[in-house]
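Chain by chain, the residues:
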Amino acid sequence: MPGQRARNLPRGSKPPASLAARVAFLGSGVVLSGILLGAVFYEVTGGAAPSRAASTSSALPLSSTHFTPVEVTQSSHADADGAHKLISLKVPPHLSVPTPPPVFSIYLKDSDIQVERPYTPLKGLEDDGTMLFWVKRYDHGEVGRWFHRRKVGETVEIRGPVRTFDWKEDTWDEVVMVGSRHKILPCPLNMTDGPMKISGGTGITPFYQLLHNTFAHRPQAAVASSLKAPASSLDGLKTHITLMHASSFSASLPPPVILDDLKSWAAQYPEEFTLKTFVDRKGDASGVEATEGRIDVRSIDQTRHERGLMKQPSWLEWLRGVKGKREHQKKVLFVVCGPER
């Protein structure tokens, strides 16, 4: 235009990008960021869809990506005050999966408030499609209370199985499973020697599931011998498992469907499995062998000594007040199920 001087641009520079070009550039960046975040979410969650987005299918096999309607076939009280129930669900044969993980849970959806919570089937997925659960009703646990109210013949929706523990047989020399209703402080579990398992209350369910998969289907030595089974089938585990389980009192220990099996396996396979139960107070229940007191540093150290996981001090070291040291010859895994606070 007359009277206006043209603005000179530096040599080699380009005119400013148009608004449309800038919008297109920003839009492509947003799309790429969304794709990247979606890929990360898929990888972290294992591809499982969130409960609010997962569909329901009566035709597809069990999967973590959708819900499957199943029937309630049992709902019975497992204690005197009604806080615990044994609930069975039945998966139709054509929807079952052949080889679920050794330790897994399923997600149950409360259809009233559209919220899901994970539950561990005690015996996994049985051949007939049955899954048995030991469920506690908490005052502020909405899904657990909803599950308790389901009656035999009603339908609930589940998704899974979802692997909850990457168990690999014969990886460890010792496994200690510890379950307590109380936090263990200070906790000396910075070891890498063999599996110990600690559980408390219904927290025993994943440990029981693993033990059931390990021992329940094993042929007895006499039966295997009569069938001329290979020697390898009689060798058993290379890993010894110790389960330390704590409850408030004797009456709140796991029901017979759990505790009887644990006692039987401990008696049949003493070289592979040790059971230790603890109660804050014994109460008036009879026929229950349990140590009165909580699982604490002393009881864990005692178990480590019994299993040879700590080197005993010499008499001279003992006089000097030197404590036992960890044995480095064994690979030990501690697995704890209990409160965070």
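Computed from a prediction, not measured in an experiment: that's the story for all the values here.

What counts, and where the lines are drawn
Residues numbered from 1 in each chain as written. Predicted model: local features only at pLDDT ≥ 70, side-chain atom pairs only at ≥ 80, totals over all residues. Heavy atoms only, no water. Helix = DSSP H or I, 4+ residues; strand = E, 2+ residues; numbered from the N terminus. Buried < 20%, exposed > 50% of the residue type's maximum accessible area, 1.4 Å probe, protein only. Contact = heavy atoms within 4.5 Å. Areas by Shrake-Rupley, 256 points an atom, 1.4 Å probe, with all protein chains shown as cover. Salt bridge = Lys/Arg side-chain N within 4 Å of Asp/Glu carboxyl O. Pairing = 2+ DSSP bridges. pLDDT = per-residue confidence, 0-100.

1. With respect to the overall build of the protein
And then number 1: Regarding its fold elements, the protein presents seven helices and 15 strands.
And then number 2: Burial statistics for the protein: of 341 residues in total, 39% are counted as buried.
And then number 3: Taking the contacts inside the protein whose residues are at least 6 apart along the sequence as the reference set, 68% of them involve residues at least 24 apart.
And then number 4: Accessible area for the protein stands at about 20,000 Å²; split by element, carbon and sulfur atoms hold 55% of it.

2. Looking at the pattern of salt bridges
Should their charged atoms come close, side chains of opposite charge can pair.
And then number 1: As enumerated under the stated definition, the model contains eight salt bridges in all.
And then number 2: Among the ionic pairs, glutamate 306 bridges to lysine 276, the shortest N-O distance being 2.6 Å. Here lysine 276 lies in strand E11 (residues 273-281) and glutamate 306 lies in helix H6 (residues 297-306), a separation of 30 residues in the sequence.
And then number 3: Assessed through its relative accessible area of 17%, lysine 276 is described here as buried.

3. What to know about the pairing of strand E3 (residues 84-90)
And then number 1: Taking burial as the measure, the seven residues of E3 include six buried ones, the bulk of the element.
And then number 2: Where strand E2 (residues 66-77) and E3 come together, six bridges link them in antiparallel fashion. Each residue of the ladder has a partner; that of valine 72, found in E3, is leucine 89.
And then number 3: Connecting E2 to the antiparallel partner E3 that follows it, the hairpin turn spans six residues, and glycine 82 within it adopts a positive phi of roughly 80°.
And then number 4: Pairing analysis gives seven bridges linking E3 to strand E6 (residues 130-136), with the strands arranged antiparallel. Bridge assignment links lysine 90 to a residue of E6, and that residue is threonine 130.

4. A look at the confidence of the model for the protein
And then number 1: Here the protein shows a mean pLDDT of 77. Residues at 70 or above account for 64%.
And then number 2: Predicted confidence is poor over residues 1-7, with pLDDT under 50, and the contacts of this stretch with residues over four places away or in other chains come to zero contacts.
And then number 3: Throughout residues 39-49 the model reports pLDDT below 50, and contacts reaching past four residues in sequence, or to other chains, amount to 10 contacts.

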